[in-house]
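Tertiary structure, described
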Amino acid sequence: MLKSEENQTLMQVGPGTPMGDLLRRYWMPIAPIAELDDNPTKAVRLFGENLVLYKDKSGTYGLIDRHCPHRRADMSYGFVEQCGLRCNYHGWVFDESGRCTEQPFEDIAHPEAHYKDRVTIKAYKVEAKSGLLWAYMGPDPAPLLPTWEPFTWKNGFVQIVISEIPCNWFQCQENSIDPVHFEWLHTNWSRILRGQTDGPKPPTHLKIGFDELEYGFTYRRILEGQSEDDELWTVGRMCLWPNCLFTGGHFEWRVPVDDDTTLSVGWFFDRVPEEMEPYEQDKIPYWYGPIRDEQTGRWITSHVMNQDFVAWVGQGIVADRT
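Summary of the structure given here.

Definitions and cut-offs
- Residues numbered from 1 in each chain as written.
- Predicted model: local features only at pLDDT ≥ 70, side-chain atom pairs only at ≥ 80, totals over all residues.
- Heavy atoms only, no water.
- Pairing = 2+ DSSP bridges.
- Helix = DSSP H or I, 4+ residues; strand = E, 2+ residues; numbered from the N terminus.
- Contact = heavy atoms within 4.5 Å.
- Salt bridge = Lys/Arg side-chain N within 4 Å of Asp/Glu carboxyl O.
- Buried < 20%, exposed > 50% of the residue type's maximum accessible area, 1.4 Å probe, protein only.
- Phe/Tyr/Trp six-rings, centres within 6.5 Å; stacked < 30°, edge-to-face > 60°.
- Axes fitted to C-alpha atoms, helices over the stretch in contact; angles between N-to-C directions.
- Parallel < 35°, antiparallel > 145°, perpendicular 65-115°, else oblique.
- Left-handed = near helix turned anticlockwise from the far one by under 90°.
- Nonpolar A, V, L, I, M, F, W, Y, C, P; charged D, E, K, R; others polar.
- Core = buried A, V, L, I, M, F, W, Y, C linked by side-chain atoms within 4.5 Å.

1. Some remarks on the sheet that holds strand E7 (residues 93–94)
Taken together, four strands build an open sheet; the order of strands is E5-E6-E7-E8 and the sheet is antiparallel. Each having just a single partner strand, strand E5 (79–81) and strand E8 (100–102) make up the two edges of the open sheet. Relative to E8, E7 runs antiparallel, the two sharing two bridges. The residue bridging Phe94 from the neighbouring strand is Cys100, located in E8.

2. Observations regarding the environment of Phe105
Inspection of the secondary structure assignment puts Phe105 in helix H4 (residues 104–109). Distance from Phe105 to Gly91, taken between C-alpha atoms, is 8.7 Å for residues 14 residues apart in sequence.

3. Thoughts on the side chain of Asn243
Turning to its location among the elements, Asn243 is positioned in the loop between strand E14 (237–240) and strand E15 (244–246). Not counting residues within four places of it along the chain, the set of residues in contact with Asn243 comprises Met28, Trp169, Gln173, Glu252, Trp253, Arg254, Val255 and Pro256.

4. Looking at the pattern of salt bridges
By the definition in use, this model includes 16 salt bridges. Note that Glu228 and Lys207 form a salt bridge whose closest N and O atoms lie 2.6 Å from each other. Remark: Lys207 occurs in strand E12 (residues 205–213) and Glu228 occurs in the loop between strand E13 (216–223) and helix H7 (231–234); sequence separation between them is 21 residues. Relative accessible area serves as the criterion here: at 36%, Lys207 is assigned to the partly exposed category. A salt bridge links Glu252 to Arg254, with the shortest nitrogen-to-oxygen separation between them at 3.1 Å. Its relative accessible area of 5% is what places Glu252 among the buried residues. Judged by its relative accessible area of 0%, Arg254 falls in the buried class. Within this structure, Arg24, Glu49 and Lys122 form a network of salt bridges that share partners.

5. Some remarks on the packing of aromatic side chains
According to the stated counting rule, one finds 16 aromatic pairs in the structure shown. Note on Trp134 and Trp253: the rings are 5.2 Å apart at their centroids and 90 degrees apart in plane angle, and the pair reads as edge-to-face. Of this pair, Trp134 sits in strand E10 (residues 132–136) while Trp253 sits in strand E16 (residues 250–258); the two residues are 119 residues apart in sequence, bridging distant segments of the chain. Both rings, one in Trp148 and one in Tyr215, keep their centres 5.5 Å apart while their planes meet at 90 degrees; by these two values the pair is edge-to-face. Taken together, the positions of Trp148 in the loop between E10 and strand E11 (156–165) and Tyr215 in the loop between E12 and E13 put the pair 67 residues apart, joining distant regions of the chain. Judged by its relative accessible area of 45%, Tyr215 is partly exposed.

6. Here's the deal with the packing of helix H6 (residues 181–193) against helix H8 (residues 304–313)
Axis separation between H6 and H8 bottoms out at 10 Å; the angle between their running directions is 115 degrees. As the angle between them shows, H6 and H8 are arranged roughly perpendicular. Relative to H8, the crossing made by H6 is right-handed. Between H6 and H8, the contacting residues are His181, Leu185, His186, Trp189, Ser190 and Leu193 on the first element and Val304, Gln307, Asp308, Val310 and Ala311 on the second. In terms of residue class, the contact of H6 with H8 is made up of six nonpolar, four polar and one charged.

7. Some details on the nonpolar core
In terms of nonpolar packing, the biggest core is built from 43 residues, with Ile30, Leu46, Leu53, Leu63, Trp253 and Trp267 touching the most fellow members. Looking at this core, the element that brings in the most residues is E10, giving five residues. Residue contacts for Leu46: discarding those within four places in its chain leaves Ile30, Leu51, Leu63, Met137, Val255, Pro256 and Val257. Counting residues in each nonpolar core, the second largest holds 14 residues, with Val52, Cys68, Val80 and Phe94 among its members.

8. Re H6
Within an α-helix, residues lying three or four positions from one another point in the same direction, as the helix has 3.6 residues per turn. Residues of H6 that are buried include every one of His181, Phe182, Glu183, Leu185, His186, Asn188, Ser190 and Arg191, and no others. Packing partners of the buried residues in H6 comprise E12, E13 and H8. Gly195 sits one or two residues past H6 and shows a positive phi near 80 degrees.

Now the structure itself:
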């Protein structure tokens, strides 16, 4: 159990909060690369900040304040230029560093003032890797963006699945280091959803274990019929610090949108059959996974990730751990 103030410290992610400042020191996946190929500007909200992600005509990515510092116009409706994003209200241009590079009227009427040199917009670093665009919102120097081993795997098909979940990020990440829930939330519930109420029940947990490593925690488990020689015990699964789950074939990040909303970002690798080798994927596809049934309004429960979503949001927007 936690005191109320301790609970808030873990959950609050806005600027200047302890957890918000900590999480900003890590690279966060925020959008698929292919999404900006389809549309070069995207309004995003991260850690309680309203921003716009863009890809200019030179191929450079930027992440800047949603509002122009001139008259607060919405920059997500701006025009991408060869270098930077132009505000649609008065034509000011900002590059990926936040520097104002052009002010059309002022540049002509008052060239001696160099006013644009005194104007900046909030900007964060963006890098592209493994089909995803990553943001770093912390202090300099930024750490290297990790190249996790699965990002280098060949002869496989990668896809990215994104869902926006209406609850705090921390109860999502707690789920990543809970081995017992697999037995009930997934194995047993899936069996019941399929109408398999008769017959033997799936094996139950006999033993669980946890180890702290340099990059997070591993959790290990033994089910009925297994031993300590089984992979689920010898290898386990990885709770990748601070907000990711790695299960051996895919990653799931829980990226805070704000204190009340989480972006679930899944990166999935599927090995192609040997007869299809060599295989090289031209473009990594993405899709936004639905979380509610449009007809009933109920949460979708047919897939493992959606079952997790139900467990997260069932605790309320913010879980009470007191």
